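Listed below, chain by chain, are the residues.
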Amino acid sequence: MNLVTVSGPPSTGKTSVILKVIEALKLRDIFVGVVKFDCLYTDDDILYEKANIPVIKGLSGSLCPDHYFVSNIEEVVKWGRKKKLDLLITESAGLCNRCSPYIDGITSICVIDNLSGVNTPKKIGPMLKAADIVVITKGDIVSQAEREVFLSRVNSVNPKATTMHINGLTGQGAYELSTLLYDEKQDIDRVQGNRLRFPMPSALCSYCLGEIRIGEDYQMGNVRKIKLGDEDE
Amino acid sequence: MNNMLYNISIRELLQKYPFTLGYFEENRLDVKGFEGNTFIEYLNHFTQEEVEEWAIDREKIIKDLLEYIDKMMDFLGLEDNHNVESLTIIAGRDKDGNPEKFREININKSQIVSIVGPTGSGKSRLLADIEWAARRDTPTGRAILINGEIPDTKWRFSSNNKLVAQLSQNMNFVMDLTVEEFLKLHAQSRMVGNIDKVVQEIIKAGNNLAGEEFQLDTNITSLSGGQSRALMIADTAILSSSPIVLIDEIENAGIDRKKALELLISSDKIVLIATHDPILALMADKRIVIKNGGIDRVIETSEEEKKVLRELEKMDRIIQNMRNDLRNGLSIDNEKLTKQILVPGTNLLTY
């Protein structure tokens, strides 16, 4: 089985891109399944089901979605093997733009869109910088100049990545992406022992544990204070 | 080159490769105060806490910087070698697997080809084949040649050298900038030497296409539809690195479409235009008819059609003039119209 991780900020078009890519993979008789990770809500699983794609949905609820991802990836890979998939795609929304659920040796895709503004590549951390393939969507609604500026910004934060424009509505570019995702020779039966490409953000303070009161008296653990630039600092 | 980051100071690095400043900025590496140090020394000054805090991956930054310098040098040095003289489409098959009814289509630079066919007939697929420089490895089985040869894979993967620029009907400006700021931003990303001159050139060309003039300090989001289109076309013609331009209709309002196409081909672009507007379709040297996912026919624009085009252009001009009159607050009178469309002293139409 092959494994690909797809991530990207919410509503950039990850699901549309994956659906179009799977359409192209089906033409080559490649059997694909999807695991959708999200935080509070998603009905994307219905879209996958409609397209006859085996799917499971994982909602992290009160947990950090990417921590949830990494604690479940091994089980998810087992599920994929049981379903006899040729290719398993995981999809997750990087909610704080700092996380990256990328694993060493596993193809990783970051999906971002042209509408998010030219400073976005600077704001997204390892999720963009550590990706193997960067997919840029919504290129059909911004000007060619903005597409080029955006692309050059992406290139300067991740020069090694393959960058592609994909139209999630017409599917233009999706076939091309699909050719980069499946390698017959690759066979992944487990990810236990594999390593994340980048440590996830640390979070362990009283608020992670359910504290709701505000004030220094209630703050414990990993707490950091904003720098206000007062003279005595 | 690897040693360079260990041996030479950041100041020297910036002198040698001025564009690395862009890399520092985009990656939020504030090198101020470290100009005299090497880049490695600079990276080593971060504390463990800062490394975690800002998600700094030293090894990756080093690898990426070297890759970036490599790519930029490639991009700056090879600009001239990227000349695309011709594009050739070699026949594949339609949706049902039937071979397409042509052998190959050859398009030279400064030529216009129109693409016609009903929605869903496979125009997007043809455009994608060209964009991807297909090698019989897409569902249509078509192959694309550049300058008569199988193109370098750099056209597929490089982010500085995309083969195709696109202008589609529903494109909008989304940045909140003035025309000048916007063009400068684009020029910077393209590493243009004389930015001010290029900006002036684009404004002039843009205004030459637009019905209404716009200024450097106009906000791009407040441009009219015609002005936006004019600015996009002028910018693509002059600043875009892509040798092939795909256009998805140019609507009739507020822009001189003939001049727009002339501007693009005068910049040595290959222009492909998907349109059902007779004026645009006939302006092309040939047109590709798409049916059921395949290219059904290739029609050379005949002398007869060129004649029809000239008549259509006359009609178009009459409507344009009327539009200008309306814009300038004049009233429309029948006499003026008659003067334009009837041969004097007769009731024969001039077209």
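A brief look at the structure comes next. Owing to the predicted nature of the structure, the values given are computational and were not obtained by experimental measurement.

**Brief notes about the overall build of chain A**
- Helix and strand counts for chain A stand at seven helices and seven strands.
- Along the first, second and third principal axes, the C-alpha set of chain A runs to 65 × 45 × 30 Å.
- For chain A, with 233 residues in total, the buried portion stands at 48%.
- In chain A, of all internal contacts separated by at least 6 residues, the share reaching a separation of at least 24 is 72%.

**Some details on the interface of chain A and chain B**
- At the interface, 38 residues of chain A touch 41 residues of chain B.
- Taken together, the elements giving at least two residues each to the side of chain A that touches chain B come down to α4 (120-123), α5 (126-129), α6 (144-157), β7 (162-165) and α7 (174-178) of chain A.
- By residue number, the principal contributor to the side of chain A that touches chain B is α6 of chain A, which donates twelve residues.
- Its residues assigned to classes, the side of chain A that touches chain B comprises 15 nonpolar, 14 polar and nine charged.

**Focus on the packing of α6 of chain A against helix α9 (residues 179-189) of chain B**
- With their axes 9 Å apart at the nearest point, α6 of chain A and α9 of chain B run at an angle of 45° to one another. Regarding the angle of α6 of chain A to α9 of chain B, the classification is oblique. Classified by chirality, the crossing of α9 of chain B by α6 of chain A is left-handed. Listed contacts from α9 of chain B to Ala 145, Glu 148, Val 149 and Ser 152 of chain A of α6 of chain A are Leu 185, His 186 and Ser 189 of chain B.
- When its residues are assigned to classes, the contact of α6 of chain A with α9 of chain B shows three nonpolar, three polar and one charged.

**Let's talk about the sheet that holds strand β9 (residues 294-300) of chain B**
Residues and elements named next belong to chain B.
- Taken in spatial order, the six strands line up as β5-β6-β7-β3-β8-β9 in an open sheet, and their pairing is mixed. Lying at the two open borders of the sheet, with one neighbouring strand each, are β5 (164-167) and β9. Taking the axes of each pair of neighbouring strands and ignoring which way they run, one obtains an average angle of 20° across the sheet.
- Bridging between β5 and strand β6 (residues 244-248) involves four bridges; their strand directions are parallel. Counterpart to Gln 166 in the pairing with β6 is Leu 246.

**A word on the nonpolar core**
- Of all hydrophobic cores here, the largest spans 121 residues; its most connected members are Val 134 and Val 135 of chain A together with Ile 233 and Ala 234 of chain B.
- Counting residues per element, this core draws most heavily on helix α11 (residues 225-239) of chain B, which supplies eight residues.
- Ignoring sequence-local partners within four residues, the contact set of Val 135 of chain A consists of Val 17, Ile 109, Val 111, Met 164, Ile 166 and Leu 177 of chain A.
- Core analysis: the second largest hydrophobic core is formed by six residues, Leu 65, Tyr 68, Ile 69 and Met 72 of chain B among them.

Analysis parameters
Residues numbered from 1 in each chain as written. Chains lettered and ligands numbered in written order. Predicted model: local features only at pLDDT ≥ 70, side-chain atom pairs only at ≥ 80, totals over all residues. Helix = DSSP H or I, 4+ residues; strand = E, 2+ residues; numbered from the N terminus. Buried ≥ 20, exposed ≤ 12 C-beta atoms within 10 Å, placed from the backbone. Contact = placed C-beta atoms within 7 Å. Nonpolar A, V, L, I, M, F, W, Y, C, P; charged D, E, K, R; others polar. Axes fitted to C-alpha atoms, helices over the stretch in contact; angles between N-to-C directions. Parallel < 35°, antiparallel > 145°, perpendicular 65-115°, else oblique. Left-handed = near helix turned anticlockwise from the far one by under 90°. Pairing = 2+ DSSP bridges. Core = buried A, V, L, I, M, F, W, Y, C linked by C-beta atoms within 7 Å.

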